[in-house]
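Examination of the molecular architecture
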Amino acid sequence: MELFGVHLIGANAATGHKLLLTLAFVLGIWAIGAVVRALLGWIGHSVDSPRFRFWSRQGLALFLAAALLLGLISIWFDNPAHLSTVFGLVTAGVAFALQRVITAVAGYFVILRGKTFNVGDRIVMGGVRGDVIALSFMQTKIMEMGEPPPVQDAAPAVWVHSRQFTGRIVTVTNDKIFDEPVYNYTHHFPYLWDEIRLPVRYPDDRAAAERILLDAARAHALTPDRLDQNRLDELERLYNLKGLDIAPRVYWRITDNWLELALRFLTPDHGTRGIKDAMSRDILAALDAAGIGIASATYEITAVPPLKLEPASPNHG
């Protein structure tokens, strides 16, 4: 084929035919994907299942990618000898130039195959805490949440001092699962243990303070009768965890200044801050009614009266 008197290498009628066929094939795959996505979206709204929407999208993306790759190979490499040569060269170049990209895609398949997390799970990945809102071949998008008090100094810094959304959407590449641990708050066991620590003065009624803490936990936190027994049975079956201490409990610790009562209780993976707020209000009201004070490290500063200096007597020079 010649263009303005210049002979174009490799450009002939067969190449043009393959280009048109490639364009038609790509448009066909795109149209099929759009129709199937719309159908799955309608089914997802009817079923109202986040897991169905997640897995249906992932399955469709994998199917379309595989169909597109096989179709393009079939169009352009009809000769097996040419295919093996080009495939070897392309594989070597891609493996060298796109190492991180390949690792990220491999991380995507590890996430799916290993059931590391799903969309909607609350995780910590790549130093980011929050809920997974999207997962693609290379990236995971997380709706960031704040940090509870024990980890408020951890990076990255956030301004919300509790497990509530900050409003930032953070994108993390999937290759992070090979470099750092992934913490999942939701998968298999969507509950968290939390604590409220109360310093009580030694002269006060310590037993009454313990009863107040337990009453607040039983009223607002999760107790064994409120849990899904099927989830507990599944957890024991999968990980051989038995004898989990689920009931609220108070632990005592003696210090130099006060008796520290630590209330340990169970909460859902979402809504912990609201539960602790309601418990704190009930605890303070009950402590006031019982006349029990909260100990604190305070210092009493006593004012010293100023010294009065007598004027010297004239007889003493």
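Before reading on, note that the structure itself is shown above.
Attention here is on the structure that accompanies the text. Computed from a predicted structure; not experimentally measured.

Of all 10 residues in strand β10 (residues 259-268), 8 are buried; the element is thus mostly enclosed. Note: strand β8 (residues 191-200) against β10, 10 bridges, orientation antiparallel. Considered in β10, the bridge of Pro199 is made with Glu260. As paired strands, strand β9 (residues 249-254) and β10 are joined by 6 bridges and run antiparallel to one another. Residue pairing across strands places Arg253 opposite Glu260, the latter belonging to β10. Here β9 hands over to β10 after 4 residues, the two strands then running antiparallel side by side.

Here the focus is the pattern of salt bridges. Taken as a whole and assessed by the stated rule, the structure comprises 13 salt bridges. For Asp175, the salt bridge is made with Arg100, and the minimal N-O distance between the two is 2.3 Å. Within this pair, whereas Asp175 is found in the loop between β6 (165-173) and β7 (183-184), its partner Arg100 is found in helix α4 (residues 99-113), the two being separated by 75 residues in sequence. A salt bridge links Arg281 to Asp277, with the nearest nitrogen and oxygen atoms 2.9 Å apart. Taken together, the positions of Arg281 and Asp277, both in helix α7 (residues 272-290) and 4 residues apart, correspond to about one turn of that helix. Within this structure, Glu195, Arg197, Arg253 and Glu260 form a network of salt bridges that share partners.

Conventions adopted
- Residues numbered from 1 in each chain as written.
- Predicted model: local features only at pLDDT ≥ 70, side-chain atom pairs only at ≥ 80, totals over all residues.
- Heavy atoms only, no water.
- Buried < 20%, exposed > 50% of the residue type's maximum accessible area, 1.4 Å probe, protein only.
- Helix = DSSP H or I, 4+ residues; strand = E, 2+ residues; numbered from the N terminus.
- Pairing = 2+ DSSP bridges.
- Salt bridge = Lys/Arg side-chain N within 4 Å of Asp/Glu carboxyl O.

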